[in-house]
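Take a look at the letters that make up each chain.
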Amino acid sequence: MARPIPPLNPLRSFEAAARHNSFARAAQELSVTPAAISRQVKLLEDYFGVEFFRREPSGISLTPEAMDYAKGLGKAFRQIASLTDEFRTRHTSSILTIRGYTTFLVKWLVPRLPDFQAAHPHIKVRLSGGSSAPAAGSGGQADIVIRYGGPHWPGHRALLLFRDELVPVCSPDLLARQSGGTAAADPAAIAGWPLLSLEARRQDWHDWFTQAGVPMPRQRLQSFEDMAVVLEFARRGLGVALVQRRYVEEELAAGSLVAVSDVVLGRELGYYALAREEGAEKSKVDAFFAWLEMVVPDPEQAYQK
């Protein structure tokens, strides 16, 4: 025999009113009127034959007898929501929206995505790129955003993907013209070569020359808004680009770009995957972060909460 359960609508109305301690705020959450919440709660009180709220001119207050019941219902509804989200992720099409820098998406994330899609065929990944990425929760409804910065992201679940590791690269032809084809050039010599830069990261060259122990050259950097343009200029032999090593791994392996110095600029700054704390428990977000942990197995690169 099935166990008796009160009607669902009165239960939802009571739980929301108890959580907010207000019929009006419960009504706003459930998109009904305060009078409708009051009627549903009265139905539940009649069902049990007890009062759940003291109704006073100043407002309502939960009776001691109803407190444990309200807490239990809240836990049950959260579990139902979690199970529903998990079922939807596993058995229905679910869209995971990721916003980030275009170069990061194209050069780092997209080559790795087939592995994630094979493991989670019901999660369809939607990418949104640009020259800059908004903070999680701003400018749209992205589930995850990719941001560059330090380790502290209050209000977000965060995973460090990789830190700055900047290397100077150019075409083999330019290296041959400038240094006679040697495997690496002296930083002082590189100071006289045409230098390419991302407009938003012009400071990188200054920091690289400082680390190399060479004064920053007086020549004006040729800078661009888009890293794809910087890399194309470098491939065409039009200058030396200072870029993330992970963005040019394929080009370095294929020989279309070469590293022109052994000096690598490393920083504590890096690229993070972020999800708002209030949305970080969604099954699709959990699945993506769990996959990222396998892609980035370094124990130092752990969640920052």
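As the structure is a prediction and not an experimental result, all values here were calculated from the model.

Mapped onto the elements of the fold, D204 is located in helix α9 (residues 203–212). What D204 contacts, discounting residues up to four positions off in sequence, is L166, L242, L265 and R267.

With 13 residues, helix α1 (residues 8–20) extends 18 Å from end C-alpha to end C-alpha; this agrees with the ideal 18 Å at 1.5 Å per step. Restricting attention to buried positions, one finds in α1 the residues P10, L11, S13, F14, E15, A16, A17, A18 and H20. One or two steps after α1, the chain reaches N21, where phi turns positive at roughly 55°.

So, on to the confidence of the model for the protein. Caution applies to low-pLDDT regions: their predicted coordinates should not be interpreted in detail. Per-residue confidence for the protein gives a mean pLDDT of 86, with 89% of residues at or over 70. The weakest mean pLDDT in the protein belongs to strand β12 (residues 303–304) at 41; the strongest belongs to strand β9 (residues 240–244) at 95. Across residues 301–305 the pLDDT falls below 50, and counting only partners more than four positions away or on other chains, this stretch makes 20 contacts in the model.

Moving on, we come to the side chain of R267. Within the secondary structure, R267 is located in strand β11 (residues 265–276). Only 2.7 Å separates the side chain of R267 from the side chain of D207, close enough to count as a polar contact. Beyond its immediate chain neighbours, meaning those up to four positions away, R267 contacts Y148, R163, D164, L166, R201, Q203, D204 and D207.

Per the stated rule, a full pass over the model turns up 25 aromatic pairs. Judged by centre distance (5.0 Å) and plane angle (80°), the rings of W208 and F209 are edge-to-face. Note on W208: relative accessible area 0%, which makes it buried. When its relative accessible area of 0% is taken as the criterion, F209 is described as buried. Ring pairs connect the aromatic residues F14, F23, Y47, F48, F52, F53 and Y69, which therefore count as one cluster. Positioned above the aromatic ring of F289, the side-chain terminus of R157 is 4.5 Å from the ring centre.

The rules behind each value
Residues numbered from 1 in each chain as written. Predicted model: local features only at pLDDT ≥ 70, side-chain atom pairs only at ≥ 80, totals over all residues. Heavy atoms only, no water. Helix = DSSP H or I, 4+ residues; strand = E, 2+ residues; numbered from the N terminus. Contact = heavy atoms within 4.5 Å. Expected span 1.5 Å × (residues − 1). Buried < 20%, exposed > 50% of the residue type's maximum accessible area, 1.4 Å probe, protein only. pLDDT = per-residue confidence, 0-100. Polar contact = N/O pair within 3.5 Å; in protein donor to acceptor, adjacent residues only side chain to side chain. Phe/Tyr/Trp six-rings, centres within 6.5 Å; stacked < 30°, edge-to-face > 60°. Lys NZ or Arg CZ within 6 Å of the ring centre and 35° of its normal.

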